[in-house]
Amino acid sequence: IYPGQSVESAAKTRSGGGTVMTMPLPPFALEQPSTIEELVALTAEPGTRILAGGTDPLPSMKHRLFEPKTLVSLRRVPELRGIHCTNKGVDIAAA
């Protein structure tokens with residue numbers, strides 16, 4: 001960002017001065033369950049995709065490779081966070 005430049009303008013301009021065309025995301029609902037039970041119920045709905053980090057699904061959605069009706073974030077489900085040692089080994093959570 002240059003002095004006096006808006007965030008919107010900075011997002012559309014490359015360092016070389018050329019304008020960047022951004023592709024908008026298709027419309028979708030975002031659900032953020034806080035329990036495993038809520039997560040299971042939400043993911044049973046047709047047209048739902050799980051969002052864990054968002055680095056892969058969002059660019060694919062911009063390119064219209066898929067257009068889910070609903071994205072379900074794993075971030076707020078405590079059981080899906082962190083690293084846990086069990087008698088079977090180590091579980092690395094997805095959220």
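Residues numbered from 1 in each chain as written. Predicted model: local features only at pLDDT ≥ 70, side-chain atom pairs only at ≥ 80, totals over all residues. Heavy atoms only, no water.

Colleague: Explanation requested: a nonpolar patch on the surface in the structure shown.
Modeller: On the surface, L25, F28 and L30 cluster together into a nonpolar patch covering about 230 Å² of accessible area. With respect to the helices and strands, F28 occurs in the loop between α1 (7–12) and β1 (29–31). Judged by relative accessible area, which is 30%, F28 ranks as partly exposed. (Patch = residues over 30% accessible without salt bridge, like charges linked within 9 Å, V, L, I, M, F, W, Y side chains within 5 Å. Areas by Shrake-Rupley, 256 points an atom, 1.4 Å probe, with all protein chains shown as cover. Salt bridge = Lys/Arg side-chain N within 4 Å of Asp/Glu carboxyl O. Helix = DSSP H or I, 4+ residues; strand = E, 2+ residues; numbered from the N terminus. Buried < 20%, exposed > 50% of the residue type's maximum accessible area, 1.4 Å probe, protein only.)

Colleague: I would appreciate a short explanation of the pattern of salt bridges in the present structure.
Modeller: Pairs may arise between side chains of opposite charge once their charged atoms sit close together. One pass over the full model with this rule turns up one salt bridge. Here R64 and E67 are joined by a salt bridge, their closest N and O atoms 3.7 Å apart. Looking at R64, the relative accessible area reads 37%, which means it is partly exposed.

Colleague: Teacher, can you tell me more about the pairing of strand β3 (residues 70–73) here?
Modeller: Residues in a regular strand point their side chains to alternate faces of the sheet. In β3, alternate side chains face the same way, and those of T70 and V72 on one face and L71 and S73 on the other are all buried. The pairing of β1 with β3 spans three bridges and is parallel. Its bridge partner being in β3, A29 is matched across the sheet by T70. Here strand β2 (residues 48–51) runs beside β3; their pairing, made up of four bridges, is parallel. Pairing of T48 across the sheet is with T70, part of β3. (Pairing = 2+ DSSP bridges.)

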